[in-house]
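# Structural description and commentary
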Amino acid sequence: MENLPVPLDRRVWLEATTLQNAGYEVSVICPMGRGWDQEYEQIEGVHIYRYPQPFEAHSGIFAYAREYGHALWHWFKLAETIWERRPFDAIQGCNPPDLVFLLARWYRKRGVRYVFDHHDVSPELFEAKFGRRGLLYYLIRLLERMTFNTADVAIATNDSFRAIAIARGRMYPSDVFTVRSAPKTDTFLPATGDQSYRKGAATLIGYVGVIGQQEGMDLLVRAADYLVNKARANVHFLIIGFGPAHRDMIRDVARRRLEDRFTFAGPLYDRALVDALNAIDIGVAPDPKNPMNDVSTMNKVMEYMTLEKPVVQFDLTEGRVSAGPASLYAKPNDPIDFALKIEVLIDKTSMRWDMGWLGRKRVLDQLSWAHSVPNLLAAYARLFEKRP
């Protein structure tokens, strides 16, 4: 993978440890970063090989070529290191970018199979990030097609992604498995949390995730402005995470004179993350409606629900699939309606409790990682069944 280190990427870590526990030997190639800077270590039996973190590109074909060229070089180098230690039978490639198929094709002549782990719809991600198409967009479409063409089996994060793999990727339905992302319910347990984050406010509103261009942070700040300056709500916002739009968001908050209503906690992990999220009263997902977000499952929504927090989000297809009655849904991309939905939950404490209970029940009954494990193992069984 290219965009996060392991075990920080919780989905990939759950996949790796699940396969390890099922009897597979697993090695991970990923970048360094966020404190995970050892070139090699073994955690819970998983071998982790890390390469220097590439410079993250935000625009321009040459910037992306530099970032991804750096990653490709290290993928090939470290894959050969792993091969020399012990030849492997399969490569699982996690996007973005849709480039791991190049490594898979190189090793195919040695009998290695390829599993495509479909994290993001890359063409839609490009449009959401830059608001346009162009040469780079059509190159991304081509790489996506080649990725699906190379894959023996694909793993989709939800049924919308599965439909894309079958329709746009032209894969057989029997070769595409839905493996949803979800936190482990034995570590994400409801509790009082760290109440120091509340800063004396009656209602603490929380956000966790990437602070990026396509996550709708500008819409969240506009909603906060309405709640504080128009509705006169006694609220505080806890923002957990990191990303390229972090400084822009801080400037936007300062411009609206909301500094005393926001705490930027930065990235939090493990116990510290659970303690912070347990302190909030309402979890927000301001991701705007666009072709990418509409079909994407938001990890933050699953985390709020697992900790019995009611959710406010814009009305997105997969958002409704995940949350159902555990969320209120604002008119797409309307920050005032988003604020009004938060205001409803501020005023109705019993409604918050009911929605939180329904959310955790929904996770336990349908959406937890335990429900994804059989599909992940079935995907690998299919992989080796196809090419013994």
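Notes on the structure in this doc start here. Counting restarts for each chain, with residues numbered from 1 along the sequence as it is written. For a predicted model such as this one, the threshold for reporting local features is a pLDDT of at least 70, and the threshold for listing and counting side-chain atom pairs is 80 or more; totals across whole chains, interfaces and linings nevertheless cover every residue. Each side-chain value is worked out from all heavy atoms of the structure, with water and hydrogens disregarded.

## Here's the deal with the pattern of salt bridges
The rule for a salt bridge is simple: a side-chain nitrogen of Lys or Arg has to be within 4 Å of a carboxyl oxygen of Asp or Glu. Overall, the coordinates contain 25 salt bridges when judged by the stated rule. A salt bridge links D117 to R11, with the shortest nitrogen-to-oxygen separation between them at 2.9 Å. Linking D117 in strand β5 (residues 113–118) with R11 in helix α1 (residues 10–21), this pair joins segments that are 106 residues apart in sequence. R11 matches D117 in its accessibility class, with the two residues each being buried. Secondary structure is summarised from DSSP: a helix means a run of H or I of at least four residues, a strand means a run of E of at least two, and numbering begins at the N terminus for each. Exposure is judged per residue with a 1.4 Å probe applied to protein chains only, and the accessible area is read against the type maximum: over 50% gives exposed, under 20% gives buried, and values in between give partly exposed.

## Focus: the sheet that holds strand β3 (residues 46–51)
The pairing of strands in a sheet comes from backbone hydrogen bonds and takes either a parallel or an antiparallel form. Judged by pairing direction, the sheet is mixed, and its three strands sit side by side in the order β1-β3-β2 without closing on themselves. Only two strands of the sheet have a single neighbouring strand rather than two, namely β1 (27–31) and β2 (40–43). Across the sheet, the axes of successive neighbouring strands diverge by a mean angle of 25 degrees, strand direction being ignored. Strand pairing is assigned whenever DSSP identifies at least 2 bridges connecting the two strands. Inspection of the sheet shows β1 paired to β3 by five bridges, in the parallel sense. Each bridged residue has a counterpart across the sheet, and for P31 the counterpart in β3 is Y51. Helix-sheet contacts for α1 involve β1, β2 and β3, and the interaxial angle to β3 is about 145 degrees. For every element, the axis is a line fit to its C-alpha atoms; helices are fit only across the contacting stretch, and the angle between N-to-C directions ranges from 0 to 180 degrees. Whether two residues are in contact is decided by their heavy atoms, any of which lying within 4.5 Å being enough.

## Section: the sheet that holds strand β7 (residues 176–178)
Pairing in this open sheet of four strands is parallel, and the strands run β4-β5-β6-β7 from one edge to the other. A single partner strand is all that each edge strand has here, and the edge strands are β4 (90–94) and β7. The average undirected angle you get between the axes of adjacent strands in this sheet is 20 degrees. Its contacts with the sheet place helix α6 (residues 159–167) against β5, β6 (153–156) and β7, and it is angled at close to 170 degrees to β7.

## Focus: a nonpolar patch on the surface
To count toward a patch, a residue needs a relative accessible area above 30% and no salt bridge. Like charges then connect within 9 Å, nonpolar side chains (Val, Leu, Ile, Met, Phe, Trp, Tyr) within 5 Å. For accessible areas, the Shrake-Rupley method is used with a probe of radius 1.4 Å. Any residue's cover is judged against the shown protein chains and nothing else. Together, I61, F62, L135, L139 and L142 make up a nonpolar patch on the protein surface, roughly 540 Å² of accessible area in all. Per-element accounting of the nonpolar patch gives the leading share, three residues, to helix α5 (residues 135–150). By the secondary structure assignment, L142 is in helix α5. Judged by relative accessible area, which is 44%, L142 ranks as partly exposed.

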